[in-house]
Amino acid sequence: MKVEKFVEIIGSDFYTGVPDSQLKALCNYLMDRYGIDPKHHVIAANEGNCTALAAGYHLATGKVPVVYMQNSGEGNIINPVASLLNDKVYAIPVVFIVGWRGEPGVHDEPQHIYQGEVTVKLLEDMGIKSFIVGSDTTEEELKAKMEEFNSIIAIGKDVAFVIRKGALTDAPKVEYKNDNTMVREEIIHHIVVASGEDPIVSTTGKASRELFETRVAYGQSHKYDFLTVGSMGHSSSIALGVAINKPDARVWCVDGDGAVLMHMGSIAVLGANKPNNLIHVVINNGAHETVGGMPTVAGSIDLVAIAKACGYPNAVSVDTFENLDRELEAAKNRNELSLIEVKCSIGAREDLGRPTTTALENKQNFMEYLNTL
């Protein structure tokens, strides 16, 4: 189905969400039509954030908003759906559009398998009627379902469209770029050289895949790395848990701007605990690059000031490899919690391979290595 027709049938003029590769056609269509326009389209920090923003839109306008997300984001909406939107509370209607990663019978990455199995059930458990949109769904079927959904929306209930891979087509081409020159894969190479045999916790998406490839390129063991393939936004908290319980080991967290934004409260917890053996590197390209390149707000905020305000004793931003190498060495030698923001370009190799170890093997190898420290 053409994405323009899909949007037309839904009939809303306000969308907010967190980008998803399964919904790339929709995301590109919205960026082409609206860009980032607070009246019509807002890319928020996490899916719960989107849901609350949508509620405010409905309160102010009386109209029905749309919240889009990958199915991994369902966990973030449970609280606002149950305690804010629900018809037993404020009866605020929202149309959810959910990209179905890990659909049973469709090959996908390990972090999506269980989430894919429970995607529709979670919606049902939240009292959200859903309709699955596939490549064979017709406009007539979608119109009929939307008419049915409108009667549900009218009584303050929520509905959802679950989007299969390849269901939405004919999106406009949108170019995502910034003025930064440093490439993430090269940044990770420099971090690996600096970290030596220290343990690294890396964030969801291309950063973990590039870290895995860097180890392969250098002929190094993968035992040093915990690749956080799912659970976006929580890598720094995982690293904090490791650092607290392995005080004699220097622990690195390779994070991303989208992940930091998703659960920014973790920075406050890190700053309050001040582990002197943790180095937090945030690769900031102002984009959700792993799922297509749509922008985050991190390109226009001061992460260094935020970290310092949250109690990080050291926080700097770099935009050259010379400065990066200098700050990596300084962080290693000072024995205090440090944050290094690295300004990064948008655009990675499209032929990135997947880690050849399973998630369970990665966990076991990492734990065994930690036990030697």
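Everything here concerns the structure above.
Below is a summary of the structure that appears in this document. Within any chain, residue numbers begin from 1 and follow the written order of that chain's sequence. With pLDDT at 70 or above as the cut-off, local features in this predicted model cover only qualifying residues; side-chain atom pairs require 80 or more to be listed or tallied, and sums for whole chains, interfaces and linings still use all residues. Water and hydrogen atoms were dropped before computing side-chain values, which therefore reflect all heavy atoms in the structure.

## Let's talk about the overall build of the protein chain
Step number 1: Scanning the protein chain from N- to C-terminus turns up 14 helices and 14 strands.
Step number 2: What makes two residues a contact is simply this: any of their non-hydrogen atoms within 4.5 Å. The contacts in the protein chain between residues at least 6 apart in sequence include a share of 78% that link residues at least 24 apart.
Step number 3: For the protein chain, the computed accessible surface area is about 16,100 Å², with 51% contributed by carbon and sulfur atoms.
Step number 4: Counting 33 positive and 48 negative side-chain charges, the protein chain places the averaged centre of each group 2 Å from the other. Labels follow the DSSP assignment, with helices taken as runs of H or I lasting at least four residues and strands as runs of E lasting at least two, numbered in each case from the N terminus. Computed by Shrake-Rupley with a 1.4 Å probe, the accessible areas treat only the displayed protein chains as cover when residues are assessed. Lys and Arg are tallied as positive, Asp and Glu as negative. Neither His nor the chain termini are counted. For charged residues, the charge sits on one atom: NZ in Lys, CZ in Arg, CG in Asp, CD in Glu.

## A look at the sheet that holds strand β14 (residues 338-343)
Paired through backbone hydrogen bonds, the strands of a sheet run either parallel or antiparallel to each other.
Step number 1: The pairing criterion for strands is at least two bridges between them, as found by DSSP. Taken together, the six strands give an open sheet; going across it, the order is β8-β7-β9-β10-β14-β13, and neighbouring strands pair in parallel fashion. The outermost strands of the open sheet, each flanked by one partner alone, are β8 (225-227) and β13 (314-318). Within this sheet the neighbouring strands show an average axis-to-axis angle of 15°, counted without direction.
Step number 2: Note: strand β7 (residues 200-202) against strand β9 (residues 251-256), three bridges, orientation parallel. Bridge pairing in β9 places V201 opposite C253. With axes taken as lines fitted to C-alpha atoms, and helix axes fitted only over the stretch in contact, angles between N-to-C directions fall between 0 and 180 degrees.

## Things to note about the environment of D255
Step number 1: With respect to the helices and strands, D255 occurs in strand β9.
Step number 2: Once the C-alpha coordinates of D255 and L339 are considered, the two residues, 84 residues apart in sequence, prove to be 10 Å apart.
Step number 3: The residues contacting D255, other than those within four sequence positions of it, are T203, S236, V260, H280, V281, V282 and I283.

## Comments concerning the side chain of H41
Step number 1: With respect to the helices and strands, the residue H41 is situated in strand β2 (residues 41-43).
Step number 2: The class of H41 is buried, set by a relative accessible area of 0%.
Step number 3: In the analysis that follows, any N or O atom pair within 3.5 Å is treated as a polar contact, provided that within protein one partner can donate a hydrogen and the other can accept it, and provided that, for residues neighboring in sequence, both atoms belong to side chains. Side chain to side chain, H41 and Y68 meet in a polar contact 2.7 Å long. Whether a residue is buried, partly exposed or exposed follows from its accessible area with a 1.4 Å probe, protein chains only, as a fraction of its type maximum: under 20%, in between, or over 50%, in that order.

## Some remarks on the packing of helix α1 (residues 3-10) against helix α2 (residues 24-33)
Step number 1: Contact geometry of α1 with α2 gives a least axis separation of 10 Å together with a crossing angle of 80°. In terms of orientation, α1 lies roughly perpendicular with respect to α2. Every residue of α2 that contacts α1 at V3, E4 and V7 is listed here: A25, L26, Y29 and R33. Orientation labels follow simple angle bins: below 35 degrees gives roughly parallel, above 145 gives roughly antiparallel, 65 to 115 gives roughly perpendicular, and whatever is left gives oblique.

## Structural notes on helix α11 (residues 265-273)
Step number 1: Every buried residue belonging to α11 is among S266, I267, L270 and G271, and all of these are buried. For α11, the angular spread of the buried residues around the axis is 135°, confining them to a single face.
Step number 2: For α11, the secondary structure elements touched by its buried residues are α9 (235-245), α10 (257-262), β10 (278-284) and α12 (303-309).
Step number 3: K274 lies just past α11 and shows a positive phi near 45°. Note: the arc covers the axis-to-C-beta directions of the helix.

## Describing the packing of helix α7 (residues 184-195) against helix α13 (residues 321-334)
Step number 1: The interhelical angle for the contact between α7 and α13, taken along N-to-C directions, is 30°, at an axis separation of 10 Å. Regarding the angle of α7 to α13, the classification is roughly parallel. Judged by the sense of rotation from one axis to the other, the crossing of α7 with α13 is right-handed. When α7 is examined against α13, the residues E186, I187, H190, I191 and A194 are found in contact with a partner set consisting of F321, L324, D325, L328, E329 and K332.
Step number 2: When residue character is reported, Ala, Val, Leu, Ile, Met, Phe, Trp, Tyr, Cys and Pro are called nonpolar, Asp, Glu, Lys and Arg charged, and the others, Gly included, polar. A breakdown of the residues in the contact of α7 with α13 according to their chemical character gives six nonpolar, one polar and four charged. Helix crossings fall into two classes, left-handed where the near helix is turned counterclockwise from the far one by less than a right angle and right-handed where it is turned clockwise.

## So, the packing of aromatic side chains
Step number 1: In this analysis, rings of Phe, Tyr and Trp, with Trp reduced to its six-membered ring, are considered paired at centre separations within 6.5 Å, and the interplanar angle assigns stacked below 30 degrees, edge-to-face beyond 60, and tilted for intermediate values. Taken as a whole, this structure holds six aromatic pairs when the rule is applied.
Step number 2: Considering the side-chain rings of F6 and F161, the 6.0 Å spacing of their centres and the 75° angle between planes classify their relative orientation as edge-to-face. Remark: F161 occurs in strand β6 (residues 159-163) and F6 occurs in helix α1; sequence separation between them is 155 residues.
Step number 3: Note on F6: relative accessible area 0%, which makes it buried.
Step number 4: A relative accessible area of 0% places F161 in the buried class.
Step number 5: Summarising the aromatic geometry, the rings of F131 and F161 are spaced 6.4 Å apart at their centres and angled 90° between planes, so their arrangement reads as edge-to-face. In this pair, F131 is assigned in strand β5 (residues 129-133) and F161 in strand β6, connecting sequence segments 30 residues apart.
Step number 6: Here the aromatic cluster, defined as three or more aromatic residues joined through ring pairs, consists of F6, F131, F149 and F161.

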